[in-house]
Number of protein chains: 2
Amino acid sequence: MGNRAALMSTPTVFVVDDDVSVRESLELLIQSAGWRSETFDSAVPFLSRPHVAVPSCLILDVSLPDLDGLELQKRIADDRVDMPIIFITGYGDVPTTVRAMKAGALEFLTKPFVDDVLLSAIDHAIERSRAAAEFAATVRGLRERYASLTRREREVMALVVSGRLNKQVAAELAISEITVKAHRGKMMRKMRADSLADLVNMAATLSPQMRG
Amino acid sequence: MGNRAALMSTPTVFVVDDDVSVRESLELLIQSAGWRSETFDSAVPFLSRPHVAVPSCLILDVSLPDLDGLELQKRIADDRVDMPIIFITGYGDVPTTVRAMKAGALEFLTKPFVDDVLLSAIDHAIERSRAAAEFAATVRGLRERYASLTRREREVMALVVSGRLNKQVAAELAISEITVKAHRGKMMRKMRADSLADLVNMAATLSPQMRG
DNA sequence: GGGGCCATCATACCTTGGTGTCGGTCCGCG
DNA sequence: CGCGGACCGACACCAAGGTATGATGGCCCC
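The paragraphs below set out a description of the structure included in this document.

Rules behind the numbers
- Residues numbered from 1 in each chain as written.
- Chains lettered and ligands numbered in written order.
- Predicted model: local features only at pLDDT ≥ 70, side-chain atom pairs only at ≥ 80, totals over all residues.
- Heavy atoms only, no water.
- Near = heavy atom within 4 Å.
- Polar contact = N/O pair within 3.5 Å; in protein donor to acceptor, adjacent residues only side chain to side chain.
- Helix = DSSP H or I, 4+ residues; strand = E, 2+ residues; numbered from the N terminus.
- Nonpolar A, V, L, I, M, F, W, Y, C, P; charged D, E, K, R; others polar.
- Phe/Tyr/Trp six-rings, centres within 6.5 Å; stacked < 30°, edge-to-face > 60°.
- Buried < 20%, exposed > 50% of the residue type's maximum accessible area, 1.4 Å probe, protein only.
- Lys NZ or Arg CZ within 6 Å of the ring centre and 35° of its normal.
- Pairing = 2+ DSSP bridges.
- Axes fitted to C-alpha atoms, helices over the stretch in contact; angles between N-to-C directions.
- Contact = heavy atoms within 4.5 Å.
- 1 Å grid on protein atoms, 1.4 Å probe; cavity = no way out; pocket = protein on both sides within 12 Å on 5 of 7 lines; lining within 4 Å.
- Points joined across faces, edges and corners; volume = space filled by probe spheres on them.
- Parallel < 35°, antiparallel > 145°, perpendicular 65-115°, else oblique.

1. Some words on the protein's contact with DNA strand C
Around DNA strand C lies a shell of 16 residues, among which A:Thr150, A:Arg152, A:Ser176, B:Lys167 and B:Arg184 are the nearest. Protein-proximal atoms of DNA strand C, defined as those within 4 Å of the protein, fall in sugar or phosphate at a share of 69%. One of the backbone nitrogen or oxygen atoms of A:Ser176 is found 2.6 Å away from a phosphate oxygen of DNA strand C. Where the surface near DNA strand C is concerned, the elements lending two or more residues are α7 (151-161) and α9 (177-191) of chain A together with α8 (166-173) and α9 (177-191) of chain B. Classifying every residue of the surface near DNA strand C by side-chain character gives 4 nonpolar, 6 polar and 6 charged.

Following this line, the structure appears as structure tokens:
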């Protein structure tokens, strides 16, 4: 138990702001609060940085020399779902704030802000990042298993989770019931589902990917 | 089919704003777009108005004489989940905007705004209201059925949706398997679930209420 | 041509789920 | 006190799920 904290990797707080004095003071604040920090003076270098495998968040200035903050937010929306964004800005207007929040920003702060407000926002962000990463990993695992199914197995799975009996599945696919059982068994093993309830929940989590 | 539109009740747009000229112009705008409208000069009278049974939304001024807009939003958050809020304000500041959006506001507009922007916001709001009302009705139905279960039936349901076999349920509850079957059958009928898959989905929808 | 994968089906066997009927105890309520 | 409901359980019976073994044929690729 003693070295568990040492083994856990430290969350990273990214900062993208074109003002060097802001970067420096934020870096100091972040590191003194016990997180790792990495700063960038514009969006493009940040985008080319490889992803990290630890909980993280992004403190992002709205106005930037290359891509502005909202653009950057759009770029990483699909890409890094486990990196919540905290916006900071010198002169914030309402429409920009609304756009940022609608696009899923966790927080939107105007400079100057109280340090504690930012620190607690980071706290929340890291916590959310952790949860999002965990969920993403689950979904990734499920998608891999689903991808390993054959077409028939997928068809059987879809009908089974919708509550059809083997007999009905057989009728809808115009095959015999025993064949359905074969597909079903193989599918359950591939999905590593150890009960129908399990499978239904998996399908619910997967439902966005199952349609596409 | 011909009189179906006539039978469908018209969505209602509520307006709470202390400026009479705003109320009047909004009323005109809303009604000319084909919706019903009801206006209030402050929060309290609005709160005492009975709920409507049609899709609806609320156009809400941030600053009001009695309860301010954010307070009112808090009050109706649990109460009227099917009434999305569109904020309007003369002098909007960023922190207020953030609070409103975090609390689930659909839109936050600063006066003066383009009519079309508001109209399309109302469109979205009504659509969301419709969906929310439908979902709420589903949940209400499920909760009623769940409430009609006896304690034992609920215990059996919880174990069944977690993937346990009747045999295992019997062991965990220290009763015989045949009794589990009896409870299970009665529970399925009461819940109007016609397959295990069905029940698992119901339980997923109900899960917030099942814990509490 | 052979090996691998997929899909199909069959036979046989066992487990699990589901229902109906019947009977019993306990408890609370009018 | 009697009634209803919850809870428990047994017997019987049938439907559905699950697995093992084995076999056939199509297809693709080396």
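2. Looking at the packing of aromatic side chains
Residues and elements named next belong to chain A. Summed over all chains, the structure comprises 8 aromatic pairs over all chains. Ring geometry for Phe87 and Phe108: centres 5.6 Å apart, planes at 35 degrees, overall tilted. Separated by 21 residues along the polypeptide, Phe87 in strand β4 (residues 85-89) and Phe108 in strand β5 (residues 107-110) bring together distant segments of the chain. The pair Phe87 / Phe108 is uniform in exposure class, with both members buried. Taking NZ or CZ as reference, Arg80 lies 5.0 Å from the ring centre of Phe46, over its face. Here the guanidinium or amino end of Arg154 rests over the ring plane of Tyr146, the centre of that ring lying 5.1 Å away.

3. A few points about the sheet that holds β5(A)
Residue and element names in this part refer to chain A. Reading across from one edge, β2-β1-β3-β4-β5 is the order of the 5 strands in this open sheet, with parallel pairing throughout. A strand with exactly one partner marks an edge of an open sheet, and here the two such strands are β2 (36-40) and β5. Between one strand axis and the next, the sheet turns by 20 degrees as a mean value, whatever way the strands run. Where strand β1 (residues 12-16) and strand β3 (residues 56-61) come together, 5 bridges link them in parallel fashion.

4. Some remarks on the pairing of β5(A)
The side chains of a regular strand alternate between the sheet's two faces. Pairing between β4(A) and β5(A): 4 bridges, direction parallel. Bridged to A:Ile86 within β5(A) is A:Glu107.

5. Comments concerning α7(A)
Among the residues making up α7(A), those that are buried are A:Glu153, A:Val156, A:Met157, A:Leu159, A:Val160 and A:Val161. The inward-facing, buried residues of α7(A) abut α6 (115-147), α8 (166-173), α9 and α10 (196-211) of chain A together with α10 (196-211) of chain B. Among the residues trailing α7(A), A:Gly163 stands out with phi positive, at a value near 100 degrees.

6. A short note on the layout of surface pockets
Residue and element names in this part refer to chain A. For the largest pocket, the calculated volume is near 300 Å³. Along its surface, the largest pocket is lined by 15 residues, and Asp79, Val81, Asp82, Ala136 and Arg140 are the ones closest to its centre. In terms of residue count, the dominant contributor to the lining of the largest pocket is α6 (7 residues). Taken together, the residues of the lining of the largest pocket sort by class into 8 nonpolar, 2 polar and 5 charged.

7. Details of the packing of helix α6 (residues 115-147) of chain B against α10(B)
Residue and element names in this part refer to chain B. For the pair α6 and α10, interaxial distance at closest approach is 10 Å and the crossing angle is 75 degrees. Classified by the interaxial angle, the pair formed by α6 and α10 is roughly perpendicular. Listed contacts from α10 to Phe135, Val139, Leu142, Arg143, Arg145 and Tyr146 of α6 are Met202, Thr205, Leu206, Gln209 and Met210.

8. A look at the protein's contact with DNA strand D
Within the structure, DNA strand D sits among 15 residues, and A:Lys167, A:Lys181, B:Thr150, B:Arg152 and B:Ser176 are positioned closest to it. Near the protein, meaning within 4 Å, the atoms of DNA strand D are sugar or phosphate in a fraction of 67%, with bases accounting for the rest. Here a phosphate oxygen of DNA strand D sits 2.6 Å away from a polar atom, N or O, in the side chain of A:Lys167. Take B:Thr179: an N or O atom from its side chain is 3.4 Å from a phosphate oxygen of DNA strand D.

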